[in-house]
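What the coordinates show
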Amino acid sequence: VPWQYPTIQIALNVSNDGDVILVSPGTYEESINFNGRAVDLRSTGGSEVTNIIGQGNSYTVTASNIVNGQASLVGFTINSVESWESFNVFCDSDSNITILNCNINGYYGLRVENANVNVVDCSIDVWRWAVYGEDYANLLLHNSELKTTYTGDSTVNFFGAWDSSLSIYKCLFQ
């Protein structure tokens with residue numbers, strides 16, 4: 001992307017489990033959905049120069065029904081559409097995904113429901129609720145930084161409910 005396919009979503013739509021999708025540096029104004037595919041979505045330039053800015057009133061990145069292997073999201077800055085209704089990244093429905101070397105910025109960070117998610121070497125800098133896990137969420141945070149700027153009474157860097165599992169290694173919470 002964008003050489004072979006004009007958008008990240010089009011590349012995801014034609015991908016198969018096990019494919020590697022390489023994304024060139026740039027700003028991609030689109031919301032993307034893995035559509036159940038276990039693909040490796042990877043920036044070639046890193047999070048400093050490769051941005052995904054969500055569009056519309058939905059999640060910027062959705063990873064659902066990824067059950068035939070492990071998906072990955074590597075080297076992006078992910079920005080929300082500044083909607084109070086949506087998290088930047090949403091993982092659910094028994095999905096398996098690793099989020100590596102990403103920056104997640106905006107209103108809400110990462111929401112995990114009934115999914116297995118590894119967050120490694122990432123920065124989540126949001127207004128409220130950096131990570132929200134519920135309904136059997138299995139979440140690993142490793143060598144990552146989580147920051148919220150909301151000063152009200154219900155701000156948290158992590159919220160987990162309904163038999164959620166959280167493992168934390170070498171992380172910074174602010």
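Remember, it's a predicted structure, so these values are computed and weren't measured experimentally. (Residues numbered from 1 in each chain as written. Predicted model: local features only at pLDDT ≥ 70, side-chain atom pairs only at ≥ 80, totals over all residues. Heavy atoms only, no water.)

**Quick look at the environment of Tyr 132**
Put simply, the rule reads: Runs of E in the DSSP output that reach at least two residues are strands. Runs of H or I that reach at least four are helices, and both are numbered from the N terminus. Any residue under 20% of the maximum accessible area for its type is buried, any over 50% is exposed, and the rest in between are partly exposed; the area is computed with a 1.4 Å probe on protein chains only. Residues are treated as being in contact if the distance between any of their heavy atoms lies within 4.5 Å.
Its location among the elements puts Tyr 132 in strand 15 (residues 131-134). The buried category is assigned to Tyr 132, whose relative accessible area is 11%. For Tyr 132 and Glu 113, which are 19 residues apart along the polypeptide, the C-alpha to C-alpha distance reads 8.5 Å. Leave out the neighbours within four places in its chain, and Tyr 132 touches Phe 87, Leu 110, Arg 111, Val 112 and Phe 159.

**Description of the pattern of salt bridges**
Let me state the cut-off plainly: For this analysis, a salt bridge means a side-chain nitrogen from Lys or Arg found within 4 Å of a carboxyl oxygen belonging to Asp or Glu.
Following the criterion strictly, the structure yields three salt bridges and no others. One salt bridge in this structure joins Glu 113 and Arg 111, with 2.6 Å as the shortest N-O distance. With respect to burial, Glu 113 and Arg 111 carry one shared label: buried. Put simply, Arg 111 and Glu 134 hold a salt bridge, and the shortest N to O gap is 2.4 Å. Remark: Glu 134 occurs in strand 15 and Arg 111 occurs in strand 12 (residues 108-113); sequence separation between them is 23 residues. Judged by its relative accessible area of 11%, Glu 134 falls in the buried class.

Everything listed here is a matter of coordinates, which is why it stays silent on function.
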